[in-house]
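One letter stands for each residue in the lines below.
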Amino acid sequence: MLTHSQTESPTPGERGRFLWNQKPGDLIELEARAESLSGITLGQLAQDGGYIVPAELRRAKGWVGTLIEKALGASAGSRAIPDFPQLGVELKTLPIDQNGKPLESTFVCSIELSKIADSEWLESRLFGKLSHVLWVPVEGTRSLPVAERRIGTPLFWRPTDEEVDLLRADWEQLCLLIAQGRTGEITGHLGQVLQVRPKAARGSSRRRTSDEEGALYDEQPKGFYLRPRFTHGILQRYFSLSC
DNA sequence: TTGTGATCATCT
DNA sequence: AGATGATCACAA
């Protein structure tokens with residue numbers, strides 16, 4: 001996905017302006033490094049690291065997120081833990097339009113369909129990932145060439161008590177349906193701030209699970225997503241306070 | 001195969 | 001326009 005330049009511009013991690021693939025030691029350092037990306041374009045950042053910018057994201061949907069991860073030294077890989085394990089921080093890029101409005105929902109984590117029945121909120125993947133997030137807004141208007149899109153001002157976010165209540169209420173409602181084996185009733189329409197949507201390589205993907213009674217059946221893999229309205233609220237609150 | 005990074009494509 | 005369901009690439 002992150003294709004290296006064949007022309008050997010700067011060797012990644014050696015000559016670039018940014019500390020590619022190097023773990024930040026603490027929150028202050030992570031913040032400083034995230035802020036150093038603010039205002040530059042994806043093309044500039046990619047060139048610094050010696051990466052090729054895809055002409056379009058259709059076949060490179062996670063390219064922006066992976067680029068920012070490498071630049072900031074995220075180390076969790078594809079494990080189901082926060083991107084900066086030692087700091088407990090999850091990194092999320094957020095595509096925004098010219099008004100700072102999120103263009104897409106935000107994927108949070110996949111759902112362990114077979115284990116969801118006896119899970120608890122405080123131990124959940126969802127709560128674990130959302131307890132501390134570093135949001136990095138990035139211009140995402142489709143008509144803007146990927147290389148020209150600018151990285152925005154990063155912000156650290158911890159959900160307020162009110163936001164936790166909203167998330168937890170949705171999470172419990174959706175988990176209950178899943179635990180009862182009523183996954184057929186789950187659509188993206190449910191949930192005020194959180195929703196459950198397919199998360200699979202193809203629509204026909206299936207994964208084995210069971211309901212409270214232990215009955216086995218196959219269901220489409222699903223994941224939790226934050227609604228754009230919710231993430232928009234996070235950005236608005238932050239930027240209204242910082243002005 | 002599952003979980004990560006997400007955006008695409010289409011319908012209302 | 002906004003949102004839902006579908007889909008793409010990669011790592012372990």
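J.: Describe the sheet that holds strand β1 (residues 90-96), and please don't skip the residues or the numbers.
T.: A sheet is described by the order of its strands in space; here 3 strands give the open sequence β1-β3-β4, paired in mixed fashion. Each having just a single partner strand, β1 and β4 (155-157) make up the two edges of the open sheet. Here the strands of the sheet are splayed against their neighbours by 35 degrees on average, with no regard to which way each runs. Across 7 bridges, β1 lies against strand β3 (residues 133-139) in parallel orientation. For Ile-96, the partnering residue across the bridge sits in β3 and is Glu-139.

J.: Tell me about the pairing of β3, and please be specific about residues and values.
T.: Across the 7 residues that make up β3, a large majority, 6, are buried. Examined bridge by bridge, β3 and β4 share 3 bridges and lie antiparallel to one another. Looking at the pairing, Trp-135 lines up with Leu-155 of β4.

J.: Residues and numbers for the protein's contact with DNA strand B, please.
T.: Neighbouring residues of DNA strand B: 27 residues in total, closest Arg-58, Thr-93, Lys-199, Arg-207 and Tyr-225. Between DNA strand B and Lys-199, the relevant distance is 2.3 Å, taken from a base oxygen to a side-chain nitrogen or oxygen of the residue. Tyr-225 has a polar side-chain atom sitting 2.7 Å from a base nitrogen of DNA strand B. Of all the secondary structure elements, the ones that give two or more residues to the surface near DNA strand B are α3 (63-72), β1, β2 (106-110) and α4 (125-130). For the surface near DNA strand B, a count of residues per class yields 7 nonpolar, 6 polar and 14 charged.

J.: Before we move on, can you summarise the pattern of salt bridges with the specific residues and values?
T.: Taken as a whole and judged by the stated rule, the model has 9 salt bridges. The salt bridge partner of Arg-33 is Glu-29, with a shortest N-O separation of 3.2 Å. Taken as a pair, Arg-33 and Glu-29 lie in helix α1 (residues 27-37) at a separation of 4 residues, close to a single helical turn. Exposure remark for Glu-29: the relative accessible area of 29% places this residue in the partly exposed category. Asp-218 is the partner of Arg-208 in a salt bridge, and the nearest nitrogen-oxygen pair spans 3.0 Å. Of this pair, Arg-208 sits in strand β6 (residues 207-210) while Asp-218 is found in strand β7 (residues 216-219), placing the two residues 10 residues apart along the sequence. Using a relative accessible area of 54% as the deciding quantity, one classes Arg-208 as exposed. You can call Asp-218 partly exposed: its relative accessible area is 39%.

J.: Pulling in residues and values, what's your account of the packing of α1 against α3?
T.: It is at 10 Å that the axes of α1 and α3 come closest, and there the two elements cross at 130 degrees. In terms of orientation, α1 and α3 fall into the oblique class. Judged by the sense of rotation from one axis to the other, the crossing of α1 with α3 is right-handed. Counted together, Leu-30, Arg-33, Ala-34 and Leu-37 of α1 and Ile-68, Ala-71 and Leu-72 of α3 form the full contact between these two elements. Tallied by class, residues from the contact of α1 with α3 come to 6 nonpolar, no polar and 1 charged.

J.: With reference to specific residues and values, describe the protein's contact with DNA strand C.
T.: Taken together, 20 residues lie around DNA strand C, and Lys-61, Gly-188, Arg-197, Gly-203 and Arg-229 are the ones closest in. Sugar and phosphate atoms represent 65% of those atoms of DNA strand C found within 4 Å of the protein. In this structure, a base nitrogen belonging to DNA strand C sits 2.6 Å away from a side-chain N or O atom of Arg-197. Within the side chain of Arg-229, a nitrogen or oxygen atom sits 2.4 Å from a phosphate oxygen of DNA strand C. Broken down by element, the surface near DNA strand C gets its largest block of residues, 3 residues, from strand β5 (residues 194-198).

J.: Talk me through unusual backbone geometry; I want residue IDs and the actual numbers.
T.: Unlike most non-glycine residues, Asn-21 shows phi in positive territory, near 60 degrees. Topologically, Asn-21 is positioned in the segment before α1. Look at Asn-21 and you get partly exposed, because its relative accessible area is 44%.

J.: Which residues make up the environment of Arg-59, and what values go with them?
T.: Position of Arg-59 among the secondary structure elements: in the loop between α2 (42-49) and α3. According to the relative accessible area criterion, Arg-59 is exposed, its value standing at 74%. Along the backbone, Arg-59 and Met-1 are 58 residues apart, and their C-alpha atoms lie at a distance of 8.7 Å.

Calculation criteria
- Residues numbered from 1 in each chain as written.
- Chains lettered and ligands numbered in written order.
- Predicted model: local features only at pLDDT ≥ 70, side-chain atom pairs only at ≥ 80, totals over all residues.
- Heavy atoms only, no water.
- Pairing = 2+ DSSP bridges.
- Helix = DSSP H or I, 4+ residues; strand = E, 2+ residues; numbered from the N terminus.
- Axes fitted to C-alpha atoms, helices over the stretch in contact; angles between N-to-C directions.
- Buried < 20%, exposed > 50% of the residue type's maximum accessible area, 1.4 Å probe, protein only.
- Near = heavy atom within 4 Å.
- Polar contact = N/O pair within 3.5 Å; in protein donor to acceptor, adjacent residues only side chain to side chain.
- Nonpolar A, V, L, I, M, F, W, Y, C, P; charged D, E, K, R; others polar.
- Salt bridge = Lys/Arg side-chain N within 4 Å of Asp/Glu carboxyl O.
- Parallel < 35°, antiparallel > 145°, perpendicular 65-115°, else oblique.
- Left-handed = near helix turned anticlockwise from the far one by under 90°.
- Contact = heavy atoms within 4.5 Å.

Just distances and angles here, no functional claims.
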